[in-house]
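# Descriptive structure summary
Now for the letters of each chain:
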There are 2 protein chains.
Amino acid sequence: MTTVAAYAAPAAKAPLERTTVERRPVGEHDVLIEIKFAGICHSDIHQAREGWGEAIFPMVPGHEIAGVVSEVGSAVTKFAVGDRVGVGCMVDSCRECENCKAGLEQYCAEGMTGTYNAIDRNGEPTYGGYSTHIVVDEAYTVRIPEGLALDEAAPLLCAGITTYSPLKHWNAGPGKKVAVLGMGGLGHLGVKIAHALGAEVTVLSQSLRKKDDGLKLGADHYYATSDPKTFEDLRGTFDLILSTVSAPLDLDAFLALLKTDGAFVNVGAPEEPVSLNLFSVIGGRKTLAGSSIGGIPETQEMLDFCAEHGFGAEIELISASEINEAYERVLASDVRYRFVIDTATI
Amino acid sequence: MTTVAAYAAPAAKAPLERTTVERRPVGEHDVLIEIKFAGICHSDIHQAREGWGEAIFPMVPGHEIAGVVSEVGSAVTKFAVGDRVGVGCMVDSCRECENCKAGLEQYCAEGMTGTYNAIDRNGEPTYGGYSTHIVVDEAYTVRIPEGLALDEAAPLLCAGITTYSPLKHWNAGPGKKVAVLGMGGLGHLGVKIAHALGAEVTVLSQSLRKKDDGLKLGADHYYATSDPKTFEDLRGTFDLILSTVSAPLDLDAFLALLKTDGAFVNVGAPEEPVSLNLFSVIGGRKTLAGSSIGGIPETQEMLDFCAEHGFGAEIELISASEINEAYERVLASDVRYRFVIDTATI
């Protein structure tokens, strides 16, 4: 076991503070990663504050991890010391079920093992990326291509794959009208990726405050959802709406913005149930769907795609001592567009 | 104008009674149909009682119409006097929009013209099939193949196409596990059609009361949704659940019965909004969707499919004087499986 520095929430809703956690010995299939950067995801806050149900404490959040391999197990074949690597939302799964075999480990029949706030397959709690080091099976580690800065790559491991996977699955591309709902950590990457995939991209944001940024990142159009006229003007417009917001939504109003056979796909998740009139999907044969991150092969594909198109996330780099303040700013939507912790400051 | 006999609701929630309505003169593209049989659809009751919102009275319900052509307009090419024909839920649409051109007239951008409870494109109210005759544009009339009895064919015009279209669209067929939720007018046809398409079919019904019928109609399995064990046993089982019920549902419980990438498709429609936890679709990338009847070409395809497979609906033939009683029995789920009015009794 190795003792490493970390930032942890000692209990639900408590501020995060500096502490240490134990990392397991490097097993034969493991890599030891010196974490360089860790993104702050809205779901870190949901979990640290038990908004999504009971959680495990102390909690070291962080599932947007970018770093460098500093040790490899004896049977490791994919990575060598010095390689630039990333770890996302999961560090294991059953590896046996239909979904795992299909590279959809995030939908593992037994449930994937979360990078933090989970109990791993040896019965030990997992601790995430707000830390200096982590030990991860190489099968759940991906390569960060040269050309992607590690700090800008970190948020791709959750926010990037969470938007890339449904955009690909629901065929965002040339000739398709795609709306990205919410212009935050997930949304701004949704815009970049949908644009890079060749779709015509519209941002639907609460206000026009971030319009200049949205257009710069690749959006073709930008509308405020606080303006009722938006819902008149855009009626029946989109093939796909990717919803990145975790606030409660008037789903019926957004479903009306879809074309026949259009899909409204949720990657953000409100803590409370939503209300829906089923006529909103019956008229126009519409789909309300969801998507959760992406599998390991697709996460690698996404990183390669972003490197090829020359973009990572838009970030604000912070030191570890600023984490609690950053949480408040995330809740206030006051971040452009992802906080990334410089783990050298832990 | 021709005066014809009909059964109509004079006002919302009032009993239906015998009356007469005017049918327009037979236009050059019209056929005059001598109606032989008209099915009673649950949505007739929803509309006659204003459960789906304000309606037009007097109302002659009926959009499951089977009959024989008795006169054709000068420009009619598809039909001749004596042809066996059917009319479903729509009698017109804009014919110009993308959906109309694609044979998806039910999703017409301007809205299809309903067979009853609608105002047609000349500003006149439409009256449905609980009547002796109807005048319909040949473009919205379909052929009932020889080998399908007219009385058993009538319910196919709504209940048949409403289940056939989504079963085809969501790829019910060999190797697919399909559940049909609800074993009523729609559901029993869903079972027959899904079975004929080659899928492995499970009925999910409130009780096991109709189990023998379900298995006889082609179901491989039959479960009661009133039994909590059903939801444990069938977790993660289905590629597709076709929901034909219009009662409020615990959607989250049913979404848990889907496989990864599975779809829960609503063709029944509760009058009230439903509640949904979006995590139910995010986990497993699931789809909650809807579907509304089918277009004219697909309605013809469905009739040909049913004739080829040698089945129509299971019906209880009634006389017009029994309509009000039949409505009560439909609401009590006391019909096996569709009431069909013998219009000779009007």
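What this report covers is the structure whose coordinates are included nearby. (Residues numbered from 1 in each chain as written. Chains lettered and ligands numbered in written order. Predicted model: local features only at pLDDT ≥ 70, side-chain atom pairs only at ≥ 80, totals over all residues. Heavy atoms only, no water.)

### Quick notes on the overall build of chain A
- In terms of regular secondary structure, chain A is built from eleven helices and 18 strands.
- Relative to the globule expectation of 20 Å for 346 residues, the C-alpha radius of gyration of chain A, 20 Å, shows essentially globular dimensions.
- Projecting the C-alpha coordinates of chain A onto the three principal axes gives extents of approximately 60 × 40 × 35 Å.
- Here chain A, with 346 residues, has 59% of them falling under the buried criterion.
- Sequence separation of 24 or more characterises 67% of the internal contacts of chain A that already satisfy a separation of 6 or more.
- Carbon and sulfur atoms provide 48% of the accessible area of chain A, an area that totals close to 13000 Å².
- The positive charge centre, built from 28 side chains, and the negative charge centre, built from 47, are 6 Å apart in chain A. (Helix = DSSP H or I, 4+ residues; strand = E, 2+ residues; numbered from the N terminus. Rg over C-alpha atoms; globule rule 2.2 N^0.38 Å. Buried < 20%, exposed > 50% of the residue type's maximum accessible area, 1.4 Å probe, protein only. Contact = heavy atoms within 4.5 Å. Areas by Shrake-Rupley, 256 points an atom, 1.4 Å probe, with all protein chains shown as cover. Lys, Arg positive; Asp, Glu negative; His and termini not counted. Charge placed at Lys NZ, Arg CZ, Asp CG, Glu CD.)

### So, helix H11 (residues 323–331) of chain B
All names here are of chain B.
- Within the span of H11, buried status applies to Ile-323, Ala-326, Tyr-327 and Val-330. For H11, the angular spread of buried residues about the axis comes to 105 degrees, placing them on one side.
- Buried residues along H11 sit against strand E1 (2–8), helix H1 (42–48), strand E17 (315–318) and strand E18 (338–342).
- Ser-333 sits one or two residues past H11 and shows a positive phi near 55 degrees. (Arc of directions from axis to C-beta.)

### Things to note about the side chain of Thr-237 of chain B
Residues and elements named next belong to chain B.
- Within the fold, Thr-237 resides in the loop between helix H7 (228–233) and strand E13 (238–243).
- Separated by 2.6 Å, the side chain of Thr-237 and the backbone oxygen of Leu-234 make a polar contact.
- Excluding its chain neighbours within four sequence positions, the residues that come into contact with Thr-237 are Lys-177, Leu-257, Leu-258 and Lys-259. (Polar contact = N/O pair within 3.5 Å; in protein donor to acceptor, adjacent residues only side chain to side chain.)

### Side note on the interface of chain A and chain B
- Contacts between the two partners involve 34 residues from chain A, matched on the other side by 34 residues from chain B.
- The largest share of the area that chain A buries against chain B comes from Leu-278, Ile-282 and Arg-285 of chain A, three residues that together contribute 25% of it.
- Inspection of the region where chain A meets chain B yields zero salt bridges.
- Along the contact surface separating chain A from chain B lie nine residue pairs in polar contact (both at pLDDT 80 or more).
- Elements supplying a minimum of two residues to the side of chain A that touches chain B: helix H4 (159–169), strand E14 (258–266), strand E15 (274–276), helix H9 (279–282) and strand E16 (287–290) of chain A.
- Ranked by residues supplied to the side of chain A that touches chain B, first place goes to E16 of chain A with four residues.
- Each residue belonging to the side of chain A that touches chain B can be placed in one class, and the counts come to 17 nonpolar, 14 polar and three charged. (Buried area = accessible area lost by both parts, 1.4 Å probe. Salt bridge = Lys/Arg side-chain N within 4 Å of Asp/Glu carboxyl O. Nonpolar A, V, L, I, M, F, W, Y, C, P; charged D, E, K, R; others polar.)

### As for the environment of Gly-236 of chain B
Residues and elements named next belong to chain B.
- Residue placement: Gly-236 occurs in the loop between H7 and E13.
- Given the relative accessible area of 36%, Gly-236 is considered partly exposed.
- In sequence terms Gly-236 and Gly-62 are 174 residues apart; their C-alpha atoms lie 38 Å from each other.
- Every residue in contact with Gly-236, bar those within four places of it in the chain, is listed here: Ala-256, Leu-257, Leu-258 and Lys-259.

### Concerning the sheet that holds strand E12 (residues 221–224) of chain A
- Taken in spatial order, the twelve strands line up as E12(A)-E11(A)-E10(A)-E13(A)-E14(A)-E16(A)-E16(B)-E14(B)-E13(B)-E10(B)-E11(B)-E12(B) in an open sheet, and their pairing is mixed. A single partner strand is all that each edge strand has here, and the edge strands are E12 of chain A together with strand E12 (221–224) of chain B. Averaged over all pairs of adjacent strands, the angle between their axes in this sheet comes to 20 degrees, without regard to strand direction.
- Across five bridges, the pairing between strand E13 (residues 238–243) of chain A and E14 of chain A is parallel. Paired with Phe-238 of chain A across the strands is Leu-258 of chain A, a residue of E14 of chain A. (Pairing = 2+ DSSP bridges. Axes fitted to C-alpha atoms, helices over the stretch in contact; angles between N-to-C directions.)

### Section: the packing of helix H4 (residues 159–169) of chain B against helix H5 (residues 185–196) of chain B
All names here are of chain B.
- With their axes 8 Å apart at the nearest point, H4 and H5 run at an angle of 45 degrees to one another. Our classification of the angle between H4 and H5 gives oblique. H5 is crossed by H4, and the crossing has right-handed handedness. Contact with H4, carried on its side by Ala-159, Gly-160, Thr-162, Thr-163, Tyr-164 and Leu-167, involves Gly-185, Leu-186, Leu-189, Gly-190, Ile-193 and Ala-194 of H5 and no other residues of that element.
- Of the residues that constitute the contact of H4 with H5, the class distribution is seven nonpolar, five polar and no charged. (Parallel < 35°, antiparallel > 145°, perpendicular 65-115°, else oblique. Left-handed = near helix turned anticlockwise from the far one by under 90°.)

### Structural notes on the relation of the copies chain A and chain B
- The operation relating chain A to chain B is a screw motion whose rotation component is 180 degrees, with 0.0 Å of axial translation and a residual RMSD of 0.0 Å. The transformation relating the two chain copies, once decomposed into turn and shift, fits a two-fold axis.
- By residue overlap, the copies meet face to face through one surface: 100% of the interface positions of chain A are interface positions in chain B. (Least-squares fit on C-alpha atoms with pLDDT ≥ 70 in both.)

### What about the packing of aromatic side chains?
- Enumeration over the complete set of coordinates arrives at eight aromatic pairs over all chains.
- Centroid distance Phe-279 of chain A to Trp-52 of chain B: 5.2 Å. Interplanar angle 85 degrees. Geometry classified as edge-to-face. Residue Phe-279 of chain A is located in helix H9, and its partner Trp-52 of chain B is located in the loop between H1 and strand E4 (65–72); the two belong to separate chains.
- The class of Phe-279 of chain A is partly exposed, set by a relative accessible area of 35%.
- Between Phe-231 of chain B and Phe-254 of chain B, the aromatic rings sit 5.1 Å apart at their centres with planes inclined by 75 degrees, giving edge-to-face as the arrangement. With a gap of 23 residues between them, Phe-231 of chain B in helix H7 and Phe-254 of chain B in helix H8 (residues 251–255) connect regions that are remote in the sequence.
- Aromatic ring contacts, followed pair by pair, group Phe-231, Phe-254 and Phe-264 of chain A into a single cluster. (Phe/Tyr/Trp six-rings, centres within 6.5 Å; stacked < 30°, edge-to-face > 60°.)

By themselves, these observations are geometric and do not establish any function.
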